[in-house]
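Listed here are the chains, written in short residue letters.
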Amino acid sequence: MARKISEKLMHGLSAVALHPATAAAAIMLCTAFLFLLERAVEHMPFVMLCVLGIATLLFLASRRVYFSIYTALAATVLVAIVSVLKYRTKGFDLHIYDIVFTGTDPKAFAFLINGFASYIVPVAGLMICCLIVLSIVFIRDGKHKMTTLKRTGLVAVAFALIPLSYPLKADEPRYFHYLGGFNASAFFVSFLDLRDAAIGRGIADRFAGLPDVEPFAEAGPCDMTGPKPDIFVVLSESQTDLGRLNQYGLDQKFADRFKSADGKRRELRVETFGGGTWISNFSLMTGLSSLDFGWRAPYLTTAMEGKVQQSLATELARCGYRTAVLMPMDHGFVNEGPFLESIGFDEVLDYNRIGASEYAHPDRFYFEAARSFIEEHRKTDGRPLFLEVQTMFAHSPYSDHRAEDEPDSLTDSGIFELDEYVRRVAQSQQDFDWYLAQAQADSTEHPSIVLEFGDHQSFATRELVNHLYPDFAVDELTSSAYRTYFTVHGMGMDVDMTPFDFASLDIGYLGVSLLEAAGVAKSPMFAELAALRDSCEGRLHFCADRAAVDRHLQKRIASGYLTVQ
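Please read these numbers as outputs of a predicted model, since none were measured by experiment. Along each chain, the written sequence defines residue order, and numbers are assigned to residues from 1. Local features in a predicted model are, by the rule used here, given only for residues with pLDDT of at least 70; side-chain atom pairs are given and counted only at 80 or more, and totals for whole chains, interfaces and linings are based on all residues. Water and hydrogen atoms were dropped before computing side-chain values, which therefore reflect all heavy atoms in the structure.

Looking at the sheet that holds strand E2 (residues 267-269)
- Read from one edge of the open sheet, eight strands run E4-E3-E5-E1-E6-E7-E2-E8, paired in mixed fashion. Of all the strands in the sheet, just strand E4 (347-349) and strand E8 (505-506) have a single pairing partner and so form its edges.
- Here a strand pair is declared whenever DSSP counts at least two bridges between the two strands. Strands are runs of DSSP state E lasting at least two residues, helices are runs of H or I lasting at least four, and both sets are numbered from the N terminus onward. Pairing geometry for E2 and strand E7 (residues 483-491), over three bridges, is antiparallel. Directly across from Glu267, in E7, lies its bridge partner Tyr485.
- Along the sheet, helix H13 (residues 277-286) makes contact with strand E1 (230-236), strand E5 (385-390) and strand E6 (448-454), crossing E5 at roughly 160 degrees.
- Only heavy atoms matter for contacts: two residues are in contact if any of them lie within 4.5 Å across the pair. For every element, the axis is a line fit to its C-alpha atoms; helices are fit only across the contacting stretch, and the angle between N-to-C directions ranges from 0 to 180 degrees. Running over the sheet, helix H18 (residues 416-441) touches E1, E5, E6 and E7 and is turned about 25 degrees from E7.

So, unusual backbone geometry
- Looking along the chain, the bond that leaves Ser396 and enters Pro397 is cis, with omega of 0 degrees.
- Tracing the backbone shows Pro397 in the loop between E5 and H18.
- Of note in the backbone geometry, Tyr248 takes a positive phi value of approximately 60 degrees without being a glycine.
- Residue placement: Tyr248 occurs in the loop between E1 and helix H12 (250-253).
- When accessible area is computed with a 1.4 Å probe and restricted to protein chains, residues below 20% of their type maximum are described as buried, those above 50% as exposed, and intermediate ones as partly exposed. Note on Tyr248: relative accessible area 32%, which makes it partly exposed.

Regarding the pattern of salt bridges
- We define a salt bridge as a contact between a side-chain nitrogen of Lys or Arg and a carboxyl oxygen of Asp or Glu at a distance within 4 Å. Inspection of the entire model under this criterion finds 28 salt bridges.
- Across the salt bridge formed by Arg322 and Glu347, the nearest N and O atoms sit 2.3 Å from each other. Of this pair, Arg322 sits in strand E3 (residues 322-326) while Glu347 sits in strand E4, and the two are 25 residues apart along the sequence.
- Note on Glu347: relative accessible area 14%, which makes it buried.
- In this structure, Glu516 engages Lys522 in a salt bridge whose closest nitrogen and oxygen atoms are separated by 3.3 Å.
- Relative accessible area serves as the criterion here: at 30%, Lys522 is assigned to the partly exposed category.

Describing the pairing of E1
- E1 sits mainly inside the fold: seven of its seven residues count as buried.
- Here E1 shows no split at all, with Asp230, Phe232, Val234 and Ser236 on one side and Ile231, Val233 and Leu235 on the other all buried.
- Alignment of E1 against E6, held across seven bridges, turns out to be parallel. Directly across from Val234, in E6, lies its bridge partner Glu452.

Re the side chain of Glu38
- Secondary-structure assignment places Glu38 in helix H2 (residues 20-38).
- Only four residue types enter the tally: Lys and Arg on the positive side, Asp and Glu on the negative side; His and the chain ends are excluded. Of the side chains bearing the opposite charge, Arg39 lies closest to the buried Glu38, which forms no salt bridge; the N-O distance is 7.6 Å.
- We call two N or O atoms a polar contact when they sit within 3.5 Å, provided that within protein one can donate a hydrogen and the other can accept it, with sequence-adjacent residues counted only if both atoms are side-chain atoms. A distance of 2.7 Å separates polar atoms of two side chains, one belonging to Glu38 and the other to His43.
- The residues contacting Glu38, other than those within four sequence positions of it, are His43, Met44, His177, Gly181, Phe182, Asn183, Ala184 and Ser185.

Looking at the nonpolar core
- Phe386, Leu387, Tyr435, Phe453 and Leu510 are the most contacted members of the largest nonpolar core, which has 99 residues in total.
- In this view, Tyr435 contacts Phe232, Val234, Phe367, Ala370, Arg371, Ile374, Leu387 and Val389; residues no more than four positions away in its chain are not counted.
- We define the nonpolar core as a collection of buried residues of types Ala, Val, Leu, Ile, Met, Phe, Trp, Tyr and Cys that are connected through side-chain atoms lying within 4.5 Å of one another. Core analysis: the next-biggest nonpolar cluster, separate from the first, contains 46 residues, Leu418, Val422, Ala426 and Phe459 among them.

Some points on the pairing of E6
- Of all seven residues in E6, seven are buried, a share of seventy percent or more.
- Of the two faces of E6, both are covered, the one formed by Ser448, Val450, Glu452 and Gly454 as well as the one formed by Ile449, Leu451 and Phe453.
- As paired strands, E6 and E7 are joined by six bridges and run antiparallel to one another. Bridge pairing in E7 places Leu451 opposite Val488.

Thoughts on helix H20 (residues 510-518)
- For H20, the buried fraction is high: eight of the nine residues fall into the buried class.
- One or two steps after H20, the chain reaches Gly519, where phi turns positive at roughly 75 degrees.

Overview of empty space enclosed by the protein
- A 1.4 Å probe that fits but cannot get out identifies a cavity on a 1 Å grid over protein atoms alone, an open set with protein on both sides within 12 Å along at least five of seven lines counts as a pocket, and a residue lines either if it has an atom within 4 Å of a point. Grid points are joined across faces, edges and corners, and a volume is the space filled by probe spheres set on the points. Throughout the structure, instances matching the rule amount to five cavities of 30 Å³ or more.
- When its volume is computed, the largest cavity comes out at roughly 130 Å³.
- Lining the largest cavity are 16 residues, with Glu237, Thr277, Trp278, Met329 and Phe333 sitting closest to its centre.
- Considered class by class, the residues forming the lining of the largest cavity number six nonpolar, seven polar and three charged.
- When its volume is computed, the second largest cavity comes out at roughly 110 Å³.
- Along the walls of the second largest cavity sit 14 residues, with Arg88, Ser396, Pro397, Tyr398 and Phe459 positioned nearest its centre.
- Its residues placed into classes, the lining of the second largest cavity shows five nonpolar, seven polar and two charged. Residues are grouped as follows: Ala, Val, Leu, Ile, Met, Phe, Trp, Tyr, Cys and Pro are nonpolar; Asp, Glu, Lys and Arg are charged; every other residue, Gly included, is polar.

Take a look at the structure:
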């Protein structure tokens, strides 16, 4: 009896699902939902034609009409939802290269599972439900009698129409589309990047037809006039200058923070928002703008491994420095460890080597690991040391209460994620004070320079910054969304702050400015980079004299310092 009831129910549901009215309703509902995620009516023909393209391919393979329609709609909606979640946490829409690079990187995948399970588990559950329903539809949906030739014709027509509805203007870079939160269309637009990679279109096209340039002269010996200080760089994860935000008492709470030893606040311009730490680190270490690589920007640690021969690490190694990076992630995460080694770093102290047990320890953990390395280095190695420490505590997500409560904290905003983020930043800055104090205690015998910087803003402050700064726009790379800070501290030595004194300094110039402040003799390439910084008033990709930037890149290529495709 129960079996008959079950079969009758299944038959009834199938009859409803396999009805033209139901399919039409599903199409209308999904179109409305995708519009809510896209927020641009002019993009919707492209989105729905992409749905049609998927449906015709499925129909060609399965000959099942309803299964093809529902699967195409479900796949597009799921892709859009994942894109929303990625944009929410990283400021960059879902891209086909997330599958090509990140999706095939077990370290990156493990990090996502560990840190973003609250997002991933519901999406995975939704995918499973879709698979179950679509499997039933597949079984119940009868095969259509349309010939293979006609079904192939449908595919051809659908894919011929898609380019006609392309949502970007002819001169609009696709990179900006991915920054715009166009979550229903971005993934499909990104397939063109896969095409361009296959045919070799990239940064090299910028120089096509330009006059040849002479390579840089060979770098001579590193003749430093004074002692060689240790150079310590601290990447303060997801931090921005909260002292600039005059709401909820933040400007008062952080009034004495984010300042260099001379008491000045300094603005840093980065090229990523909400995530992509490795993008900022790429520019710092290479003196290159990630924006010059267009859509490849989030994947440069993979795409550029072995293709950058001159870097901050090679410059300091030429002057006798030992070079190392301490990172909170696994060596292979987004290929950053191999990339850093390929640009000249002697050692990468990763998650396993520093004995980490989670991806987001309080920053004191990373600083203590750095101190252990520094002390061992000084016992066994006579060279000056260049060490970067990457922190992690202020990283998203902020759904868990991990920061210590401060008894003297000012009035909270009442926004849980923002308050948690602010507490994490306050704790991280206290941990940084400890690290500075250690360097100060060593300064008599081991003078040093400590440079700290924020790699990108956090999504936790997005609405606040958007409210306080009218120019805020994630899809506008010159807006306040890409403004962080850096601080410079001389320990046991006077530091020339002139190389840092710009109204705003692009992160691609931060490394060469550090070299000058430390008194390190620059190679011809870095000397020209410093001159470019001065003539461009601290701007790199957006320098008013863009031709000068392109000539510099051409000279790097001609010298064999940069390989592009």
